Amino acid sequence: MPQELTRYSVSTTQLTVERPGQDVSWGATFVENTARVGNSTVRSLLVSDLADNGIMETAGVKCGDVILKLNGEDMARWTYEEMVDEINLQTKATLTLITYQHQQTKYLLFLDLSPGDITNIWALNNLVSLHICGTKLKNGIVDLRGITCKGVLQELAVTKSELDSVNGVMGLEMFTKLRRLNLTHNRLTSLDEEVMLKLTSLEELRLGNNNLNKFPLVVTEMTQLRDLSLVYNLISVIPEQILRMQNLENLHLDNNYLSEMPDFVTQQLSSLSSLTFSSNQLAWDEDYVRECFHLKLVDFSENGIRARTALDNFGVVGRATLRRKGRNLLREPSLLKLALARSA
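Below is a short write-up of the structure.

Reading the values: rules and limits
- Residues numbered from 1 in each chain as written.
- Predicted model: local features only at pLDDT ≥ 70, side-chain atom pairs only at ≥ 80, totals over all residues.
- Heavy atoms only, no water.
- Buried < 20%, exposed > 50% of the residue type's maximum accessible area, 1.4 Å probe, protein only.
- Helix = DSSP H or I, 4+ residues; strand = E, 2+ residues; numbered from the N terminus.
- Pairing = 2+ DSSP bridges.
- Arc of directions from axis to C-beta.
- Contact = heavy atoms within 4.5 Å.
- Core = buried A, V, L, I, M, F, W, Y, C linked by side-chain atoms within 4.5 Å.
- Salt bridge = Lys/Arg side-chain N within 4 Å of Asp/Glu carboxyl O.

### A look at the pairing of strand β5 (residues 66–70)
- Counting buried residues along β5, 4 of its 5 residues qualify, which places the element largely inside the surrounding structure.
- Pairing geometry for β5 and strand β7 (residues 92–98), over 4 bridges, is antiparallel. Residue pairing in the sheet places Leu70 in a bridge with Leu95 of β7.
- With 2 bridges connecting them, β5 and strand β6 (residues 73–74) associate as antiparallel partners. Bridging across to β6, Leu70 finds its partner in Glu73.

### Quick look at helix α2 (residues 80–89)
- Where α2 is concerned, the buried positions are Met83, Val84 and Ile87. Taken down its axis, α2 places every buried residue within 95° of arc, on the same side.
- Where the residues of α2 are buried, they touch β3 (28–37), β4 (40–50) and β5.

### Focus: the nonpolar core
- In terms of nonpolar packing, the biggest core is built from 61 residues, with Leu130, Leu144, Leu156, Leu172 and Leu181 touching the most fellow members.
- When near neighbours in sequence (up to four residues on either side) are disregarded, Leu181 contacts Leu156, Leu172, Met196, Leu199, Leu202, Glu204, Leu205 and Arg206.
- With 20 residues, the next largest nonpolar core counts Leu50, Met56, Ala93 and Leu95 among its residues.

### A few points about the pattern of salt bridges
- According to the stated counting rule, one finds 8 salt bridges in the structure shown.
- For Arg43, the salt bridge identified is with Glu32, shortest N-O distance 3.2 Å. Here Glu32 lies in strand β3 and Arg43 lies in strand β4, a separation of 11 residues in the sequence.
- The exposure class of Arg43 is partly exposed, given its relative accessible area of 29%.
- For the salt bridge of Glu162 with Arg187, the shortest nitrogen-to-oxygen distance reads 3.7 Å. Placement of Glu162 in the loop between β11 (155–159) and β12 (169–170) and of Arg187 in the loop between β13 (180–182) and α4 (193–196) is noted, with a sequence separation of 25 residues between them.
- By relative accessible area, which is 32% here, Glu162 ends up partly exposed.

Any functional reading would require information beyond the geometric quantities listed.
If you want it as structure tokens, here you go:
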């Protein structure tokens, strides 16, 4: 999570501007600003230019500010001409706007999201990372179709939000430049193939702490993935289709119900360097341990190891966590390799 992640709703600012009469200029130039939100078009006024020391500038309005309301009345359905005419009729006006500075927000975190929080999210054109955490979604849905930065957003997390389906993240399929997706701590039982396969730039997918009772086959078609986490699910079998994922570097399957780790996982995934599957129900012999030596990181602790002579030399601590001189060899393949060689 970026350190500069900002915790707030897409908030607005109110400013009151006043002039002596209608013949006195506001000292501002406006252009129409439109955004497509779901099936609707939302209109607003963008402040494109300000006169030095003019009335608007003196009141605190800045170039790039977007005006949403005039005297409390939403202008979203007004035409551009209606908005300009109405402002020019006023001698005193309260403007509700999203400041230019706010529009530059890149990292945004919502805790306990309420519906009004994302109403104006379309205004954040530079949003790179969006986190929604700890929210009980109404009808299991969070509507992100209003986001206009679809070609900019690289990271999206919807976690601890009782999400039942990826379809509950409305608009997800439009984020074709998304690189990291985190849907952990939800209630997912499967993945929608049509939605997932549109995320063609995705490199990291985290689906831990859900209710997946099968390895989701759709991820094996997402051949660009480099990092896949399926920890704390109900998975019992790894399908051979995983061999499509030749760019996969990190695979995390801890705390599932695996009783077998197929040889093709360690031997035929050419890019794999990190493999963790602790706390499953596997039972191997020494030969399998040797097959993991080429990996940079491997953790198969807390499993039912069926040890033979060489592994017996290390001893068993707890529930089959193999250690030597206080170090967990199952997390350090280089040490385990050396220990096996010496014990042969």
